[in-house]
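Next come the chains, spelled out residue by residue.
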Amino acid sequence: MHHTVEQLGDKCTKDSYAIQCLQKSLEADPNSGQSWYFLGRCYSSIGKVQDAFISYRQSIDKSEASADTWCSIGHAAAWMDLGTLYESCGQAHDAIKCYINATRSKACLSTPALTQRIKLL
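A short tour of the structure in this document, coming up. Since the model is a prediction, treat every value here as computed from it, not as a measurement.

1. So, the environment of Asp81
Looking at the element boundaries, Asp81 is found in helix α5 (residues 75–88). Residues Asp81 and Arg41 lie 40 residues apart in sequence; the distance between their C-alpha atoms is 7.9 Å. In this structure Asp81 touches Tyr37, Arg41 and Tyr56, once residues within four positions along its chain are discounted.

What follows is the structure, given as structure tokens:
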């Protein structure tokens, strides 16, 4: 949502505001896999790679058993985003592990593309 509200200003302002809101959300509920996931997306979009890694891992760790979170954001989506982040940092081995985990999800719609990506790495 923060990317679509024009009143919040430019992308930098929107990203900063979204991060602040997500951090407040996590203060209220540190076990929210969905908040961790979206925080990872925000950090990734601004190039804070280490913070994005931590947030994605927290999302996966906190949400493994939460059907509500995985129905709303998709377990495969978190694994794919984490894999993309690893790949962008030149960590192909870690990216492959993430992509394989994504393909194990029944909800993964990108299995053929991920299988091809794995072969290329």
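2. A word on the environment of Ala95
Note on placement: Ala95 falls in helix α6 (residues 92–103). Residue Ala95 is classed as buried on the basis of its relative accessible area, which comes to 0%. For Ala95 and Arg117, which are 22 residues apart along the polypeptide, the C-alpha to C-alpha distance reads 9.8 Å. Those residues in contact with Ala95 that sit more than four places away from it in its chain are Gly83, Tyr86, Glu87 and Leu121.

3. As for the nonpolar core
With 26 residues, the main nonpolar core has Leu39, Tyr56, Trp79, Leu82 and Tyr86 as its most contacted residues. If you list the elements that add at least two residues to this core, you get α1 (11–28), α2 (33–45), α3 (49–63), α5 and α6. The element best represented in this core is α5, accounting for 7 residues. What Trp79 contacts, discounting residues up to four positions off in sequence, is Arg57, Ile60, Cys98, Asn101 and Ala102.

4. A short note on the side chain of Ser35
With respect to the secondary-structure elements, Ser35 resides in helix α2. Of the residues examined, Ser35 reaches a relative accessible area of 8% and is grouped as buried. Of note is the side chain of Ser35, whose polar atom sits 2.8 Å from the side chain of Ser25. Leaving out residues up to four positions away in the same chain, Ser35 has contacts with Leu22, Ser25 and Leu26.

5. Remarks on the packing of α6 against helix α7 (residues 111–120)
The description of two helices packed together rests on the angle between their axes and the distance between the axes. One can describe the packing of α6 onto α7 by two numbers: an axis separation of 10 Å at closest approach and a directional angle of 155 degrees. Considering their axes alone, α6 and α7 lie roughly antiparallel with respect to each other. The crossing of α6 and α7 is left-handed. Every residue of α7 that contacts α6 at Ile96, Tyr99, Ile100, Ala102 and Thr103 is listed here: Thr111, Leu114, Arg117 and Ile118. Among the residues forming the contact of α6 with α7, the class breakdown is 6 nonpolar, 2 polar and 1 charged.

What counts as what
- Residues numbered from 1 in each chain as written.
- Predicted model: local features only at pLDDT ≥ 70, side-chain atom pairs only at ≥ 80, totals over all residues.
- Heavy atoms only, no water.
- Helix = DSSP H or I, 4+ residues; strand = E, 2+ residues; numbered from the N terminus.
- Contact = heavy atoms within 4.5 Å.
- Buried < 20%, exposed > 50% of the residue type's maximum accessible area, 1.4 Å probe, protein only.
- Core = buried A, V, L, I, M, F, W, Y, C linked by side-chain atoms within 4.5 Å.
- Polar contact = N/O pair within 3.5 Å; in protein donor to acceptor, adjacent residues only side chain to side chain.
- Axes fitted to C-alpha atoms, helices over the stretch in contact; angles between N-to-C directions.
- Parallel < 35°, antiparallel > 145°, perpendicular 65-115°, else oblique.
- Left-handed = near helix turned anticlockwise from the far one by under 90°.
- Nonpolar A, V, L, I, M, F, W, Y, C, P; charged D, E, K, R; others polar.

Bear in mind that shape data such as this cannot, by itself, settle questions of function.
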